[in-house]
Amino acid sequence: MAEEHRVTILIVDDDEGHTELVRRNLRRTGISNPIASVDNGSDALDYVFCHGVYANRPGNGELLILLDLRMPGGHDGVEVLRQIKVDPKAKSIPVIVLTTTDDPREINHCYELGCNVYITKPIEPSAFIEAIQRVGLMMSVMRMPTDPARLP
Amino acid sequence: MTDPRAKPTRLGVRYVATAAALSVVYFGAAKFGLSFAFTTKQVTAVWPPTGVAVVALLLFGSRVWPGLLLGAFAANATQGEPIATATGIAIGNTVGLIVAAFVLRRVVRFDNTLARLRDVIGLLLGAIVAATITASNGVANLALGGIIPSSAYGSVWRVWWMGDAMGILLVAPVLLGWAADRSLAWRGWRALEVVALFATLAVGCQVIFQGPPQLQIQNAVFPLTIWCALRFGVRETATIAAIISGMAVWGTAHGRGPFATGALDDRLALLEVFMAIAVIGPLSLSVAMSERRRAEDALQRAHDELERRVSDRTAALAAANTELASKNEEVEAFVYIVSHDLRAPLVNLQGFSKELQLSFGELSAKLREASLPANVQRDVEAILKDGMGGALRFITASTSKFERLIEALLHLSRHGREKYRAEVVDVGAVVELTVASLRQSIAASGATVSVAASLPTALGDATAIGQVFSNLIENALHYLRSGTPGVIEIGGETSGSVAHYWVRDNGVGIGASALPRLFQVFQRFHPHMAPGEGMGLAIVKRVIERHGGQVRAQSKAGAGTTFHVTLPAAAGTKGLIDGRGTPRHDPHR
């Protein structure tokens, strides 16, 4: 399996600690994909659309986004999600919303905008790890149909 | 006193004109009255000038007396009387009318608009006073002048008295009435009614007072005067009475109508009595009616004012309520946001504590593998286990506690934000379900929970109401007295529009000092007895208040607690819905 064909995981979260925890726990569950992270919405969009400082980012492979909703600045998670899902090319990128909010209205709103999975960040550490593991499992499931050539 | 000398310099044009006009009008009225004279020149059934003069004195003040005196003198002098007699009569008439005006103003406190029944009676009194003076003086002057024989004194006095009194009674109300209200604002049907009234009056008077003497139907005018008194005001009623009287006098003077036969004195007496009744009766009725209308208006105004105040008050209350609701929403939103924002650092605290623990484990394993000197090994293990391990345990415990508090806050804010359904709730069934779901805790506590055979239905949200009872029962279970078998009783009753429930226990109770804080968040009074964050009763209060009910606790330390809860009653509603949303029959069967 060539490295450049592997899915890159983009973590979008303004909380460095959360990003680090997600990264560590993904690694711990055996996910070895490249992991990138940005801490605000506009950087996330730049990364996705190869704009600005990410114009020449390495790897043209597929993306998977772990998106936090509550971020400072003009582009919060909801706005990032909206812009990705209205773009004809980018909308196929799987987006997993991983946030602290469990407000049903917010969850519904995200699903309406086209988020693939919505996960509330649990506070309890084992539950958090479990959730990240679920994400890892989902990633391996979601990856397959996007690249039928690598099916056995 | 009404002395013109009081204002000697104020004899302005206006005053002179008024006095002059009075003398002219008086004179005219006298001539008009004399045209109705019966036999002797001075004997008239009605002497209109007295009415004109009284009104002038009332409206313009007694200082216009010179006009009155002049008019009276002229009227009498032109009847061919000696100057002395005419002068005497004029002076007597003037004095009598001034006295009458004085009595009206000072004694009766007469209202010139004839607003009260008191004014009608007062006018009658004024007429009697005036007529008594003028008649006595008139007869005396006629006697002194040798104009009438002594045998006629009594008869002339009587006729004079009646004429002057009737002059006031008939003419004064008409003038006062029209002076008070001059508008002719009859529109539509009202105008038609006026025309109909006066047309009927004209025809009726023609038939009655121009008919043959044997046709004694003069009382037929009274329905007309009553009609007018009930439907119109004082001025119209006075006018109609004056017209009827005028027609009666005119007919009688010309030998027609019901008063045209018999001896002169008798005819005259009957006519005067008829006129007196024709004016005083309807006028009293009319004034009473307008007094009633005014009272009704005042009542209506008071009523409107009250309504306005009630609606103002209601609006103010509604505004206050709305404000309170929005304040409450703000607080709920604030709690919600804060709790969520607090979660983010907590995720880190918890997550990295876990990371530390993992590293701690790895480090311990590596150390065991490493071959360190025994004493170093022992020291390092002590640092790891007691130092780092102990610190980690405290951090983990504290973050767990932190998490529970935040969860509790979120829980409470959710209870303030959830949309409630307004349905008829079979509280009996809800409590049954709640008790069933608490079966294990109840069994563990060894307590007996007894639910009344029937509980009133309520209007509200079944799930939320279930939560209330669940919290109250759990609360009771937590605070039972050790050594005493726990008894928890749940009952209820409906009083009017309120359903009242209670949950009573025989537990440790709550001290009087703690009662006021009982329903506040994070209040725990026996922390050693039960787990929890002290949110249960705060949630109960929130849910009940959002239902428009109230909750209070009755307790004594050591003597158990009773929680009283009220909810809007759903009495008399059919098709009850229970906690699961399925239709049920009346639970009170």
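What you are looking at is a predicted structure, and each value in this text was computed from that prediction instead of being measured. (Residues numbered from 1 in each chain as written. Chains lettered and ligands numbered in written order. Predicted model: local features only at pLDDT ≥ 70, side-chain atom pairs only at ≥ 80, totals over all residues. Heavy atoms only, no water.)

Asks: Report on the packing of aromatic side chains, specifying residues and quantitative values.
Replies: Note on aromatic pairs: each is described by the distance of the centres and the angle between the planes. What the rule picks out here adds up to eight aromatic pairs over all chains. Pairwise contacts between aromatic rings join B:F209, B:F222, B:F259 and B:F274 into one cluster. Here the guanidinium or amino end of A:R57 rests over the ring plane of A:Y47, the centre of that ring lying 4.4 Å away. One cation-aromatic arrangement involves B:R235 over B:W178; the distance from NZ or CZ to the ring centre is 4.3 Å. (Phe/Tyr/Trp six-rings, centres within 6.5 Å; stacked < 30°, edge-to-face > 60°. Lys NZ or Arg CZ within 6 Å of the ring centre and 35° of its normal.)

Asks: Give a detailed account of the sheet that holds strand β5 (residues 117–120) of chain A, specifying residues and quantitative values.
Replies: Two strands in a sheet stick together by hydrogen bonds in their backbones, pointing the same way (parallel) or opposite ways (antiparallel). Residue and element names in this part refer to chain A. Within the open sheet, the five strands sit side by side as β2-β1-β3-β4-β5. Their pairing is parallel. In the strand order of this sheet, the two ends are held by β2 (35–38) and β5, each with one partner. The mean inter-strand angle of the sheet, taken between neighbouring strand axes irrespective of direction, is 20°. Looking at chain direction, strand β4 (residues 95–99) and β5 are connected through four bridges and run parallel. Each residue of the ladder has a partner; that of L98, found in β5, is I119. Relative to strand β3 (residues 63–67), helix α3 (residues 77–86) is tilted by about 155°, and along the sheet it contacts β3 and β4. (Pairing = 2+ DSSP bridges. Helix = DSSP H or I, 4+ residues; strand = E, 2+ residues; numbered from the N terminus. Axes fitted to C-alpha atoms, helices over the stretch in contact; angles between N-to-C directions. Contact = heavy atoms within 4.5 Å.)

Asks: Provide a residue-level description of the side chain of B:S284, including the pertinent values.
Replies: Residues and elements named next belong to chain B. Looking at the secondary structure, you find S284 in helix α10 (residues 264–369). A polar contact of 2.7 Å, which involves the side chain of S284, links it to the backbone oxygen of I280. Those residues in contact with S284 that lie beyond four places of it in its chain are L117 and V120. (Polar contact = N/O pair within 3.5 Å; in protein donor to acceptor, adjacent residues only side chain to side chain.)

Asks: Can you explain the interface of chain A and chain B? Please cite residues and give values.
Replies: Contacts between the two partners involve 22 residues from chain A and, on the opposite side, 17 residues from chain B. Of the roughly 1700 Å² buried between chain A and chain B, counting both surfaces, carbon and sulfur atoms make up 56%. At the surface where chain A touches chain B, the tally comes to one salt bridge. The salt bridge partner of B:E355 is A:R24, with a shortest N-O separation of 2.8 Å. Across the contact surface, chain A and chain B share five residue pairs in polar contact (both at pLDDT 80 or more). Ranked by residue count, the leading element in the side of chain A that touches chain B is helix α1 (residues 16–28) of chain A, at seven residues. Class assignment for the residues of the side of chain A that touches chain B results in six nonpolar, six polar and ten charged. (Buried area = accessible area lost by both parts, 1.4 Å probe. Salt bridge = Lys/Arg side-chain N within 4 Å of Asp/Glu carboxyl O. Nonpolar A, V, L, I, M, F, W, Y, C, P; charged D, E, K, R; others polar.)

Asks: Outline the confidence of the model for chain A, supporting the account with residue identities and numerical values.
Replies: Residue and element names in this part refer to chain A. For chain A, per-residue confidence averages 79 on the pLDDT scale, and residues scoring 70 or more make up 81% of the total. Element-level mean pLDDT values for chain A span from 64 in helix α5 (residues 125–146) up to 92 in β2. Low confidence marks residues 144–152, where pLDDT is under 50. Its contacts with residues over four positions away, or in another chain, come to five contacts. (pLDDT = per-residue confidence, 0-100.)

Asks: Quick rundown of the environment of B:L144? Include the residues and the values.
Replies: Secondary-structure assignment places B:L144 in helix α5 (residues 117–144). For the pair B:L144 and B:A84, spaced 60 residues apart in the sequence, the C-alpha separation amounts to 9.6 Å.

Asks: Report on the pairing of strand β7 (residues 561–568) of chain B, specifying residues and quantitative values.
Replies: Looking along a regular strand, one sees the side chains alternate between the two faces of the sheet. All names here are of chain B. By the criterion of burial, β7 is predominantly enclosed, with six of the eight residues buried. As judged from the seven bridges shared by strand β5 (residues 498–505) and β7, these two strands associate in the antiparallel manner. Within β7, the residue paired with A499 across the bridge is L567. Two elements, strand β6 (residues 551–555) and β7, share five bridges in a ladder whose sense is antiparallel. Counted as the bridge partner of Q554 is T562 from β7. Here β6 folds back onto β7, and the loop between the two strands holds five residues, one of which, G558, carries a positive phi near 85°. (Buried < 20%, exposed > 50% of the residue type's maximum accessible area, 1.4 Å probe, protein only.)

Asks: Lay out the side chain of B:S23 in plain terms, naming residues and giving numbers.
Replies: Note that B:S23 resides in helix α1 (residues 13–34). On the basis of relative accessible area, B:S23 is assigned to the buried category, the value being 8%.

Asks: Requested: an account of helix α2 (residues 48–60) of chain B, with residues and values cited.
Replies: What sets the pattern is the α-helix's 3.6 residues per turn: residues three or four places apart point alike. Residue and element names in this part refer to chain B. End to end, α2 covers 18 Å across 13 residues, agreeing with the expected 18 Å (1.5 Å per residue, within 8%). Across the 13 residues that make up α2, a large majority, eleven, are buried. Every buried residue of α2 is listed here: P48, P49, T50, G51, V52, A53, V54, V55, A56, L57 and L58. For α2, the secondary structure elements touched by its buried residues are α1, α3 (65–77), α4 (83–108) and α6 (153–180). G61 occupies a position one or two residues after α2 and carries a positive phi of about 95°. (Expected span 1.5 Å × (residues − 1).)

Asks: Describe α6(B), naming the residues involved and giving the relevant values.
Replies: A rise of 1.5 Å per residue sets the reference length of α6(B), with its 28 residues, at 40 Å; its end C-alpha atoms lie 40 Å apart and thus fit the reference within 8%. Where α6(B) bends most, at B:V171, the angle is about 25°, and the proline B:P173 comes one to four residues later. (Bend = angle between axes of the 7 residues up to and from the residue.)

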